[in-house]
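Below are the chains, spelled out letter by letter.
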Amino acid sequence: MRAAFIILLLATTAHAQLDRLLAPIATAPMATHATSATPATPGAQAVSETSLLTAERLVEALEKELAARLSVTGELQLTLGRAWEAVRLPGDDLFLAVTELPIGGVSGAFFIRAKASSGGAVIGEWQLPLRAQLWQEVWVAATRLERGQELDRKLLGVQKVDVLRERTPLIPATNDPTSFDITQSIPAGRALTTRDVIERPLVRKGQVVEVVALQGMLAVSMKALALESGAAGDLIKLRNLESRREFSGQILNESKVQVHF
């Protein structure tokens, strides 16, 4: 009887162990989001745009630096005159200084010397050939303009041009056109140059003006004939209408000239 009990106990134990061995293996839950990242090659480093001094980044920095240093008015666009190989930067920052400015200022083509730093270290200094365009809005004749004609905004239009291509300076659209007179005929569609206009005089030759003569606290007023035309602040010749005596005076406004003794 005891032997039968022992045999039954061993059989039960063996069956339990067999059930444990045949039970399904528990699996870890699957990740809900797959990653596309691939392991980096040992020793390899990714190179970003901010860690390289490319030609585009160099030109952009030079445009800002030159525009500020030379007080350029308008939109300055530069192009490198030779091929540029990107330079690795030790940091994400970039400090560029122009150490030698063009002698004649900004023109169609010129040389500069520039030094660049990054990560607290100087990475290079170069002499660079540059080509430039300077885009400004200028006054353009909307219709034919004749010599001696007084300018008016209605007679003009505005056009954006590269002023560096012009041999004679153009009149910027920021200038008040009513302060100029035409010195020669201008066809419709042509930009106005400094040769085409003169500053409109406040006092014209042959005009009778009031002359204020000052001597200390004493002021004397009289009439005189302007023998020259002039703008505000100009010194012109005058003739006293009574004594016919000629003298010089400084223009104050369109009808008054001042004389100092």
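Here is a short report on the structure shown in this document. (Residues numbered from 1 in each chain as written. Predicted model: local features only at pLDDT ≥ 70, side-chain atom pairs only at ≥ 80, totals over all residues. Heavy atoms only, no water.)

Moving on, we come to the packing of aromatic side chains. Within the structure shown, the criterion is met by 1 aromatic pair. Taking the centre distance of 5.1 Å and the plane angle of 80° together, the rings of W84 and W126 count as edge-to-face. In this pair, W84 is assigned in the loop between β2 (75-80) and β3 (87-88) and W126 in strand β6 (residues 121-141), connecting sequence segments 42 residues apart. A single burial state applies to W84 and to W126, both of which are buried. (Phe/Tyr/Trp six-rings, centres within 6.5 Å; stacked < 30°, edge-to-face > 60°. Helix = DSSP H or I, 4+ residues; strand = E, 2+ residues; numbered from the N terminus. Buried < 20%, exposed > 50% of the residue type's maximum accessible area, 1.4 Å probe, protein only.)

Alignment of strand β10 (residues 208-215) against strand β11 (residues 218-226), held across 8 bridges, turns out to be antiparallel. Across the sheet, residue A213 finds its bridge partner in β11, namely V220. Linking β10 back to β11 in an antiparallel pair, the connection comprises 2 residues, with G216 at a positive phi of about 65°. Sheet analysis places β10 next to strand β14 (residues 256-260), joined by 5 bridges and oriented parallel. Directly across from V212, in β14, lies its bridge partner Q258. (Pairing = 2+ DSSP bridges.)

What follows is about the sheet that holds strand β13 (residues 246-251). Spatially, 5 strands are ordered β10-β11-β12-β13-β14 in a closed barrel, and the strand pairing comes out mixed. Strand-to-strand twist of the sheet, defined as the mean angle between neighbouring strand axes without regard to direction, takes the value 50°. (Axes fitted to C-alpha atoms, helices over the stretch in contact; angles between N-to-C directions.)

All we've got here are geometric facts, nothing functional implied.
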